[in-house]
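Architecture at a glance
The chain contents come next:
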Amino acid sequence: MAAGAARRARRTRRQVDRDPGGGRIVADRLPKQSEDFPGWYVEVVKRAELAEHGPARGSMIIRPYGFAIWENIQRALDDRFKATGHENFYFPLLIPMHLLAAEAQHVEGFKLQAAVVTQGGGETLDEPLVIRPTSEAVIWPTYARWIQSYRDLPLLYNQWCNVLRWEMRTRLFLRTSEFLWQEGHTAHATREEAWDEALRMLEVYREVAEDVLGIPVIPGRKSESERFPGADETLPIEAMMRDAKALQCGTSHFLGQNFAKAYDVKFLNPEGRQEYAWGTSWGFTTRMIGGTIMAHGDDKGLRLPPAIAPIQVVIVPIYRSDEERSAVLDVAGKLRDDLAGNGVRAKLDDRDQHRPGYKFGEWELKGVPVRVELGPRDVEAGQVVLVDRVTGDKRSVSLAEATSGMAGTLDEVQLALFEDARAYRDENTHQIDDFDSFAAGVEEKGGFWVGPWCGSPECEEKVSAATKASLRVLPLEREDPRGPCIVCGKPGTERAIWARAY
RNA sequence: CGGGGCGUAGCGCAGCUUGGUUAGCGCGCGUGCUUUGGGAGCACGAGGUCGCCGGUUCGAAUCCGGCCGCCCCGACCA
């Protein structure tokens, strides 16, 4: 259609659809989760000032408030990596094309997603450079030089960096072409040791997801079709969002000897024989900021777990006259300092251009776990009002108690978020009785559907084609299948969890 | 790549069908006064190459042609 004609058609439609009086936004309210979950998500991300779209398609600008969340996640992970014996290093962004091409499955898996630099210094490059979609292809050739003997093993390294994957459809945090993550890359002398490492890091991810982000997850294995290109086994933690869809969170891969063989990483064992090294890799990304938003948020906006909330406690002063103002701010400032002294991330919102009600709404939107209201009446009584973002409960406590008890209050909020998310997940987890009711149920209400599976890719494919649900995870704690495969009726080997996913 | 939506002030939009003085409105922003226990009010003010290029016309945000970009829904993926 010609541009002019398209424009004209648009105009007539618009005149029908819209109030011509002027584009006033009726209410400054978020879309409701129950009515428009994707719209709710986009609005929360923007209005809470977490992130916005970058100028290039699919790119993301992470704003300070959003990045502060990422920094807290990074710290939680990095501390645990160090505690399990890992060190950080840094590998380059650009990978010569021939290196990526060395591992057959790996290159096949990423060739559609890789961006390639072909020009530099105004000239066409002799060899194109791939912008890393992940770094196995540059790290393993280096490991080949670093590893000669079993005495050099294991190598337990990690890097924090950005990667780039060309995506057809993007959503802020959940899927952007460039994203931030950590990628751990380890090499081991034995299969058992590498497998244990992959499991150990999966457990680190489970702990961070549940104890830090407050998101209950199911650790397990991916089926072959969902496996990382080049891995023998892919181990995800799988979570449920508040729209009953699944989200893959951290992932740990057991690489077997695939990359060692592709990049010729051999070591001399104690018996004097050459062996290929065994590998793992594991990653956790900025996607989990999106996961946290969708696992906990409500119709008022974000609900951040205290462990990663950039601001854990916000103090909103209330006053009328100048005298009241200085009296209230005096007490409020001291409270903030006392809280900070106790290791609490506290902020005093002393902006004069907004009234308290506005600030309440704004900090609720931004997900601050605890609000302290402090007005003239409180100052007189030596107390404050505490408001919990998760339950909305208000209670008055003494100033001293507000300071000394705040850490405990934050722990309660942290736990309440986790229990809330777990209750939601349990309510939306169903046992599969037969294929038809499963297909109808997953279509109608989403959620996790658990049932016996025979292990064949054909049956898995049939489910996906019929339901748009995918096999999310085969739980690590393997359950007895308790029945025949829901598709083919042959004996089941284990119970699989199916869901529609992000 | 297919389907849909959109491009006018920082944000959200009206104006275009039927071309015509200085292109409007709400929010936000600045200054001042009054306000402040659930999203304040009034006054004054700042802010625009109407996505880009070309054409028609005395005159284009508006009509014609071309181009670009972004968002949403699907196929790929953490």
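**Considering the packing of helix α2 (residues 37–47) against helix α9 (residues 287–296)**
In a packed pair of helices, the relevant descriptors are the angle between the two axes and the axis-to-axis distance. With their axes 11 Å apart at the nearest point, α2 and α9 run at an angle of 120 degrees to one another. One element, α2, and the other, α9, form an angle in the oblique class. When you trace α2 past α9, the crossing you get is right-handed. Every residue of α9 that contacts α2 at Phe 37, Trp 40, Tyr 41, Val 44 and Val 45 is listed here: Gly 290, Ile 293 and Met 294.

**A look at the environment of Glu 210**
Along the chain, Glu 210 falls in helix α7 (residues 191–212). Relative accessible area serves as the criterion here: at 15%, Glu 210 is assigned to the buried category. Sequence-wise, Glu 210 and Arg 425 are 215 residues apart; in three dimensions their C-alpha atoms are separated by 13 Å. For Glu 210, the residues in contact, after removing those within four places along its chain, are Ile 215, Pro 216, Val 217 and Phe 418.

**Considering the domain arrangement of chain A**
Segmenting chain A into domains produces domain 1 (60–296), domain 2 (313–413) and domain 3 (429–499). Here the C-alpha centre of domain 2 lies 42 Å away from the C-alpha centre of domain 1.

**Quick word on helix α6 (residues 136–146)**
Buried residues dominate α6, accounting for eight of its eleven residues. What α6 keeps buried is the set Glu 136, Ala 137, Val 138, Ile 139, Trp 140, Pro 141, Thr 142 and Tyr 143.

**Here we look at the packing of aromatic side chains**
As enumerated under the stated definition, the model contains 22 aromatic pairs in all. Between the aromatic rings of Phe 259 and Tyr 263, the centroid separation amounts to 6.3 Å while the plane-to-plane angle is 0 degrees, which identifies the pairing as stacked. Residue class for Phe 259 comes out buried when judged on its relative accessible area of 1%. Aromatic ring contacts, followed pair by pair, group Phe 89, Phe 91, Trp 140, Tyr 143, Trp 146, Tyr 157, Phe 259 and Tyr 263 into a single cluster. Directly above the ring of Phe 360 sits Arg 371, whose terminal nitrogen or CZ lies 4.0 Å from the centroid.

**A look at a nonpolar patch on the surface**
A contiguous nonpolar patch, built from Tyr 90, Leu 93 and Leu 94 and spanning about 270 Å² of accessible area, is present on the exposed surface. By the element assignment, Tyr 90 lies in the loop between β3 (87–88) and β4 (94–96).

**A closer look at the pairing of strand β17 (residues 370–374)**
The buried fraction of β17 is high, at five of five residues. Of the two faces of β17, both are covered, the one formed by Val 370, Val 372 and Leu 374 as well as the one formed by Arg 371 and Glu 373. Sheet topology places strand β15 (residues 313–317) next to β17; five bridges connect them, and they run parallel. Bridge pairing in β17 places Val 316 opposite Glu 373. Pairing of β17 with strand β18 (residues 383–388), which is carried by four bridges, proceeds in the antiparallel orientation. The residue of β18 that forms the bridge with Arg 371 is Val 387.

**Points about the side chain of Ser 135**
Counting through the fold element by element, Ser 135 comes out in the loop between β6 (123–131) and α6. The exposure class of Ser 135 is buried, given its relative accessible area of 0%. Those residues in contact with Ser 135, other than ones at most four positions away along the chain, are Gln 159, Glu 183 and His 185.

The rules behind these values
- Note on numbering: residues in each chain are counted from 1, in written sequence order.
- Here chains are named by letter from A upward and ligands by number from 1 upward, in the order in which they appear as written.
- Local features are withheld for residues below a pLDDT of 70 in this predicted model, meaning they are given only at 70 or higher, and side-chain atom pairs are given and counted only at 80 or more; totals for whole chains, interfaces and linings count all residues.
- The basis for every side-chain value is the complete set of heavy atoms in the structure, and neither hydrogens nor water enter the calculation.
- All axes are obtained by fitting lines to C-alpha atoms, using only the stretch in contact for helices, and the reported angles, taken between N-to-C directions, cover 0 to 180 degrees.
- Secondary structure elements are taken from DSSP: a helix is a run of H or I of four residues or more, a strand is a run of E of two residues or more, and numbering for both begins at the N terminus.
- Angles below 35 degrees are treated as roughly parallel, those above 145 as roughly antiparallel, those between 65 and 115 as roughly perpendicular, and all remaining angles as oblique.
- Throughout, a crossing is termed right-handed when the near helix is turned clockwise from the far one, and left-handed when it is turned anticlockwise from it by less than a right angle.
- Any two residues having at least one pair of non-hydrogen atoms within 4.5 Å are treated as being in contact.
- Only protein chains enter the accessibility calculation, which uses a 1.4 Å probe; a residue whose area is less than 20% of its type maximum is buried, one above 50% is exposed, and one in between is partly exposed.
- All the domain ranges listed were derived from an automatic or database domain assignment.
- Within 6.5 Å between ring centres, the rings of Phe, Tyr and Trp (the latter by its six-membered ring) count as paired, and their orientation is classed by plane angle as stacked under 30 degrees, edge-to-face over 60, tilted in between.
- By definition here, charges over rings are those cases where NZ of Lys or CZ of Arg is within 6 Å of the ring centre and within 35 degrees of the ring normal.
- Like charges are joined within 9 Å and nonpolar side chains (Val, Leu, Ile, Met, Phe, Trp, Tyr) within 5 Å, but only among residues with over 30% relative accessible area and no salt bridge; these make up the patches.
- To measure how exposed things are, a 1.4 Å probe is used in the Shrake-Rupley method; for residues, cover is taken only from the protein chains shown.
- Only one rule defines a salt bridge in this text: a Lys or Arg side-chain nitrogen within 4 Å of an Asp or Glu carboxyl oxygen.
- In this description, strands pair whenever DSSP reports at least two bridges between them.

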